[in-house]
Amino acid sequence: RHGGSNSCTMRLHVVSRRVTIVHERVGMVASKVPVSILTGFLGSGKTTLVNHILTQKHGRKIAVIENEFGEVGIDDGLVMETKEEIFEMNNGCICCTVRGDLIRIIHKLLEKATFEAILIETTGLADPAPVAQTFFVDDFIKSKCELDAIITVVDSKHIIQHLDEEKPEGVENESVEQVAFADKILLNKIDLVDEEEKKQVIERITSINQVAEIIETTQSNVDLDRVLNVKAFDLKRVLETDDGFLDIDQEHMHDQSVTSVGIEVEGELDERKLNMWLSTLLQEKGPELFRSKGLLAIEGSPHRYVFQGVHMLMSMASSGEGVGKDWAEGEPRVNKLVFIGKNLDRKELERNFAACIVKTKKPRKDEC
């Protein structure tokens, strides 16, 4: 399922991964470690679900492996703080070029045996099948782990648009693959659609996958007993759908027209100019701008601001509202943004963002 590094890395060079060990009370340890694969298209709500898992008192010790798509790492600033260990992996997509690194990390985790489950969050552009394949082609991992479920988070507002997208010949539609291989589907953001729209989405999903349980959610809030340790993955069913599932030599191609632009610049931002620029950008480029997100420093504020965008929808929150953490005293105010989509103009994005940076800073509230 992979045909070369270029088709897998999407012309990106830096991809961050994190392994987080959630420390809870020790419960009964199964003979094999259950593994959940969390997938879903860009902006569907995967990281929100991870935060939900990290903050729930569920009594489980869970290792969380994150695979972020983009030149600049953002998700490490969006995931809730917890005791953690960081593992570096080589550049590339978790379903393609760095699967060897994924195997290495899982081997290392299994040697420690300090957890009861593994959760792997893929990028929004990953095909879950090659990731799932990992747990059947490596003998050591196969003897120690069992694939519990593939959990797909679906953005109710935008999923049909992505399912309908026509791809170049030989290139898979990631959204279709993510729905097709799901054992559990979180129909997320149902607050953004009406009943008729929701009905159409459910009909479209079930036309692709009639077996997976569909769970309606807002903000990815779900009873974890419905998605973790559920023993929902059925290899026999998968092989009936895809008889080449266990063939590690199958070609696997991403859409080369989808690219990422990362911006990392130190400085403080004019809030009015920033809001005007982002609003205009999402209005004009929204249909082809699949995902945008950033960690920002606003002039005069000690708070770290978090920007989230999916197509034309945008939200802004700050550490002052409990999202993320404030800038530390003396910490450089480094803004980080990532845009993922089609026909992105890097120079234009960099130039327009630079215009939002304040040339002469006024004192911050924490300096007064």
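Criteria and thresholds
- Residues numbered from 1 in each chain as written.
- Predicted model: local features only at pLDDT ≥ 70, side-chain atom pairs only at ≥ 80, totals over all residues.
- Heavy atoms only, no water.
- Pairing = 2+ DSSP bridges.
- Helix = DSSP H or I, 4+ residues; strand = E, 2+ residues; numbered from the N terminus.
- Axes fitted to C-alpha atoms, helices over the stretch in contact; angles between N-to-C directions.
- Contact = heavy atoms within 4.5 Å.
- 1 Å grid on protein atoms, 1.4 Å probe; cavity = no way out; pocket = protein on both sides within 12 Å on 5 of 7 lines; lining within 4 Å.
- Points joined across faces, edges and corners; volume = space filled by probe spheres on them.
- Nonpolar A, V, L, I, M, F, W, Y, C, P; charged D, E, K, R; others polar.
- Expected span 1.5 Å × (residues − 1).
- Buried < 20%, exposed > 50% of the residue type's maximum accessible area, 1.4 Å probe, protein only.
- Arc of directions from axis to C-beta.
- Polar contact = N/O pair within 3.5 Å; in protein donor to acceptor, adjacent residues only side chain to side chain.
- Salt bridge = Lys/Arg side-chain N within 4 Å of Asp/Glu carboxyl O.
- Core = buried A, V, L, I, M, F, W, Y, C linked by side-chain atoms within 4.5 Å.
- Patch = residues over 30% accessible without salt bridge, like charges linked within 9 Å, V, L, I, M, F, W, Y side chains within 5 Å.
- Areas by Shrake-Rupley, 256 points an atom, 1.4 Å probe, with all protein chains shown as cover.
- Lys, Arg positive; Asp, Glu negative; His and termini not counted.
- Charge placed at Lys NZ, Arg CZ, Asp CG, Glu CD.

Caption draft 1: A look at the sheet that holds strand S10 (residues 304–310). With respect to topology, five strands assemble into an open sheet ordered S8-S12-S9-S10-S11, the strand pairing being antiparallel. Edge positions in the open sheet fall to strand S8 (258–266) and strand S11 (313–318), since each of these has one partner strand only. Shown here is a sheet whose adjacent strand axes are inclined to one another by a mean of 10°, direction ignored. The sheet strands contacting helix H11 (residues 346–354) are S8, strand S9 (289–297) and strand S12 (334–342), and the helix crosses S8 at an angle near 30°.

Caption draft 2: Representation of empty space enclosed by the protein. Taken as a whole and assessed by the stated rule, the structure comprises four cavities of 30 Å³ or more. Contributing to the lining of the largest cavity are 13 residues, with Phe 41, Val 153, Val 154, Asp 155 and Ile 159 lying nearest its centre. Elements with a contribution of two residues or more to the lining of the largest cavity: strand S5 (145–155), helix H6 (159–163) and helix H7 (174–180). Broken down by element, the lining of the largest cavity gets its largest block of residues, four residues, from S5. Per-class residue counts for the lining of the largest cavity are six nonpolar, six polar and one charged.

Caption draft 3: Seen up close, helix H8 (residues 195–208). Over its 14 residues, H8 extends 20 Å from the first C-alpha to the last, a length consistent with the 20 Å expected when each residue adds 1.5 Å. Within H8 the residues assigned to the buried category are Lys 198, Val 201 and Ile 205. For H8, the angular spread of buried residues about the axis comes to 60°, placing them on one side. Its side-chain oxygen placed 3.2 Å from the backbone nitrogen of Glu 196, Asp 194 serves as the N-cap of H8.

Caption draft 4: The pairing of S11, seen in detail. Inspection of the sheet shows S10 paired to S11 by six bridges, in the antiparallel sense. The residue bridging Val 306 from the neighbouring strand is Ala 317, located in S11. The antiparallel pairing of S10 with S11 creates a hairpin that spans two residues between the two strands, and His 311 there sits at a positive phi of about 55°.

Caption draft 5: Focus on the pattern of salt bridges. Taken as a whole, this structure holds 11 salt bridges when the rule is applied. Of the charged contacts, one joins Asp 155 and Lys 189 as a salt bridge, the two residues approaching to 3.5 Å between their closest N and O atoms. Separated by 34 residues along the polypeptide, Asp 155 in strand S5 and Lys 189 in the loop between strand S6 (184–188) and H8 bring together distant segments of the chain. Take Asp 155: its relative accessible area is 6%, and that puts it in the buried class. A relative accessible area of 18% means that Lys 189 is categorised as buried.

Caption draft 6: The nonpolar core, seen in detail. The biggest cluster of nonpolar side chains holds 25 residues, and the ones touching the most others in it are Ile 65, Ile 106, Ile 118, Ile 120, Phe 135 and Cys 145. For this core, the secondary-structure elements that each account for two or more residues are strand S2 (33–39), strand S3 (62–67), helix H3 (99–112), strand S4 (117–121), helix H4 (128–137) and S5. At six residues, the largest contribution of residues to this core is made by H3. Setting aside residues up to four positions removed in sequence, Ile 118 forms contacts with Val 33, Pro 34, Val 35, Ser 36, Ala 63, Ile 65, Ile 106 and Cys 145. Membership of the second largest hydrophobic core comes to 19 residues, among which are Leu 296, Ile 298, Phe 339 and Leu 349.

Caption draft 7: Layout of a negative patch on the surface. Together, Asp 194, Glu 196, Glu 197 and Glu 203 give the surface a local cluster of negative charge. In this structure, Glu 197 sits in helix H8.

Caption draft 8: Inspection of the environment of Ile 65 at higher detail. Along the chain, the position of Ile 65 falls in strand S3. Looking at Ile 65, the relative accessible area reads 0%, which means it is buried. Linking Ile 65 and Leu 38, residues 27 residues apart in sequence, is a C-alpha distance of 9.9 Å.

Caption draft 9: Region of the structure containing the environment of Glu 321. Mapped onto the elements, Glu 321 comes out in the loop between S11 and S12. Using a relative accessible area of 57% as the deciding quantity, one classes Glu 321 as exposed. Expressed as a C-alpha distance, the spacing of Glu 321 and Arg 304, which sit 17 residues apart in the sequence, is 10.0 Å.

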